[in-house]
Amino acid sequence: MAITIFIFIICAGLLICILRMVLGPTMADRAIAMDTATTVSVALLVLLGLFFDRYVYLDVSLVYSIISFVGLIAIARYLEKGI
Amino acid sequence: MNSVILQIAEKYIRWLLLFFALTALLRGHHFPGGGFIAGLLAGLAVVFRSLAYSEEKVFRDFPVRPVTLLSAGLIMILLSFLPAWLTNRPFMTGVWVKPVLPLAGELKLGTPLVFDTGIFLSVTGVILLFLFSLKIPEKWK
């Protein structure tokens, strides 16, 4: 029961991130909202791994967070001086 | 983008990415992972290095050419077909040897590991080929 409440809270955080991604006035706002949504979904993955008792989800979340970091660096470089 | 912070961070995150690539490669037969995922992660390490420095520097410092990696991977995939073919089994059958190590127990080695390593090398070579031919096109005329 407690895990269901936690998952609802995390999904509310994801909705706020998506709202900022839609509303965001500049491109940098959208990039930061995308990275925050990635971090929140990593937390969601860890909770789902706890819920379904699959430790494989932890490895997925580790690799996903590193890949999102590299992607954010690439977006920042594109916004600064182009590819 | 000559950011010192990014260059220092790259020095550590590179080894983290390569470690995850090795983990995904070695356990890929029974768990999530495998040669393709490992190749993508190892290619991402080089792409990240080229984001921190410049593509020309990474291309100059890289020890082998990407085409060499790609062809070595393809040759390794072909070599993994040989043991099943020479012993009159169906094509691409996995042949396993299971040596017993003194402390670690049974070690399962076989042709799927050779096949996955070949896919790892060829996917890494393809990603490096994409990167270098998109960013330094005059080297590939």
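Cut-offs applied
Residues numbered from 1 in each chain as written. Chains lettered and ligands numbered in written order. Predicted model: local features only at pLDDT ≥ 70, side-chain atom pairs only at ≥ 80, totals over all residues. Heavy atoms only, no water. Helix = DSSP H or I, 4+ residues; strand = E, 2+ residues; numbered from the N terminus. Buried < 20%, exposed > 50% of the residue type's maximum accessible area, 1.4 Å probe, protein only. Contact = heavy atoms within 4.5 Å. Areas by Shrake-Rupley, 256 points an atom, 1.4 Å probe, with all protein chains shown as cover. Lys, Arg positive; Asp, Glu negative; His and termini not counted. Charge placed at Lys NZ, Arg CZ, Asp CG, Glu CD. Salt bridge = Lys/Arg side-chain N within 4 Å of Asp/Glu carboxyl O. Polar contact = N/O pair within 3.5 Å; in protein donor to acceptor, adjacent residues only side chain to side chain. Nonpolar A, V, L, I, M, F, W, Y, C, P; charged D, E, K, R; others polar. Disulfide = S-S within 2.5 Å. Core = buried A, V, L, I, M, F, W, Y, C linked by side-chain atoms within 4.5 Å. Axes fitted to C-alpha atoms, helices over the stretch in contact; angles between N-to-C directions. Parallel < 35°, antiparallel > 145°, perpendicular 65-115°, else oblique. Left-handed = near helix turned anticlockwise from the far one by under 90°. Patch = residues over 30% accessible without salt bridge, like charges linked within 9 Å, V, L, I, M, F, W, Y side chains within 5 Å.

Colleague: Any chance you could explain the overall build of chain B here in plain terms?
Modeller: Scanning chain B for helices and strands turns up six helices and four strands. Helices and strands in chain B line up, N terminus first, as α-α-α-α-α-β-β-β-β-α. With the C-alpha coordinates aligned to their principal axes, the bounding extent of chain B is approximately 55 × 40 × 25 Å. The buried share of chain B, reckoned over its 141 residues, is 37%. Contacts in chain B between residues at least 24 apart in sequence constitute 65% of all its contacts with a sequence separation of at least 6. For chain B, the computed accessible surface area is about 8,600 Å², with 72% contributed by carbon and sulfur atoms. Both charge centroids of chain B, one from 13 positive and one from 7 negative side chains, sit 3 Å from each other.

Colleague: Just checking my understanding: could you explain the interface of chain B and chain A for this structure?
Modeller: A common way to express how large an interface is: the accessible area buried when the components associate. Taken together, the contact between chain B and chain A spans 17 residues of the former and 15 residues of the latter. Our count for the contact surface shared by chain B and chain A stands at two salt bridges. Its salt-bridge partner being Arg77(A), residue Glu55(B) comes within 3.6 Å of it at the nearest N-O pair. For the pair chain B and chain A, the number of links is two residue pairs in polar contact (both at pLDDT 80 or more). Contributing elements (two or more residues each) for the side of chain B that touches chain A: helix H1 (4-26) and helix H2 (35-52) of chain B. Looking at the side of chain B that touches chain A, its residues break down into 13 nonpolar, one polar and three charged.

Colleague: Explain the state of the cysteines to me, please; I cannot follow it from the model alone.
Modeller: Put plainly, two cysteines are in a disulfide when a covalent bond ties their sulfur atoms together. Applying the stated criterion across every chain yields a total of zero disulfides over all chains. In this structure Cys11(A) is not part of a disulfide, and its nearest cysteine sulfur, from Cys17(A), lies 11 Å away.

Colleague: Honestly, the environment of Gln7(B) in this entry has me stumped. Any pointers?
Modeller: Residue and element names in this part refer to chain B. For Gln 7, the position within the fold is in helix H1. Judged by its relative accessible area of 19%, Gln 7 falls in the buried class. Between the alpha carbons of Gln 7 and Leu 51 there is a distance of 9.1 Å; along the sequence they are 44 residues apart. Aside from chain neighbours lying at most four places away, what touches Gln 7 is Asn 2, Ala 52 and Tyr 53.

Colleague: Just checking my understanding: could you explain the nonpolar core for this structure?
Modeller: One broad rule of soluble globular proteins: the nonpolar side chains tend to lie buried together. Counting 27 residues, the largest nonpolar core has Leu17(B), Ala38(B), Phe48(B), Phe120(B) and Phe132(B) as its most contacted members. Elements with a contribution of two residues or more to this core: helix H3 (56-81) of chain A together with H1, H2 and helix H6 (111-135) of chain B. Setting aside its immediate chain neighbours within four residues, Phe48(B) contacts Phe69(A), Val70(A), Ile73(A), Leu6(B), Glu10(B) and Ile13(B).

Colleague: Even after reading the chapter, I still don't get the pattern of salt bridges, so can you show me in this structure?
Modeller: When the charged atoms of two side chains with opposite charge come close together, those side chains can pair. Summed over the entire model, instances satisfying the criterion amount to six salt bridges over all chains. Two residues, Glu10(B) and Arg49(B), come together in a salt bridge whose shortest N-O distance is 3.5 Å. Of the two residues, Glu10(B) sits in helix H1 while Arg49(B) sits in helix H2, which places them 39 residues apart along the sequence. Among the ionic contacts, a cluster of salt bridges with common partners joins Arg77(A), Glu55(B) and Lys135(B).

Colleague: Hey, could you run me through the packing of helix H4 (residues 66-79) of chain B against H6(B) in this one?
Modeller: Residues and elements named next belong to chain B. One can describe the packing of H4 onto H6 by two numbers: an axis separation of 7 Å at closest approach and a directional angle of 160°. Accordingly, the angle class assigned to the pair H4 and H6 is roughly antiparallel. Helix-helix and strand crossings are classified by hand; for H4 and H6 the assignment is left-handed. When grouped by side-chain class, the residues that make up the contact of H4 with H6 number 14 nonpolar, six polar and no charged.

Colleague: How do you make sense of a nonpolar patch on the surface when you look at a structure like this?
Modeller: All names here are of chain B. Taken together, Ile 75, Leu 79, Leu 82, Trp 85 and Leu 86 make up a surface patch of nonpolar side chains, about 560 Å² in accessible area. At the level of elements, H4 and helix H5 (82-86) are the ones that each hand at least two residues to the nonpolar patch. The element best represented in the nonpolar patch is H5, accounting for three residues. Among the secondary structure elements, Leu 79 is positioned in helix H4.

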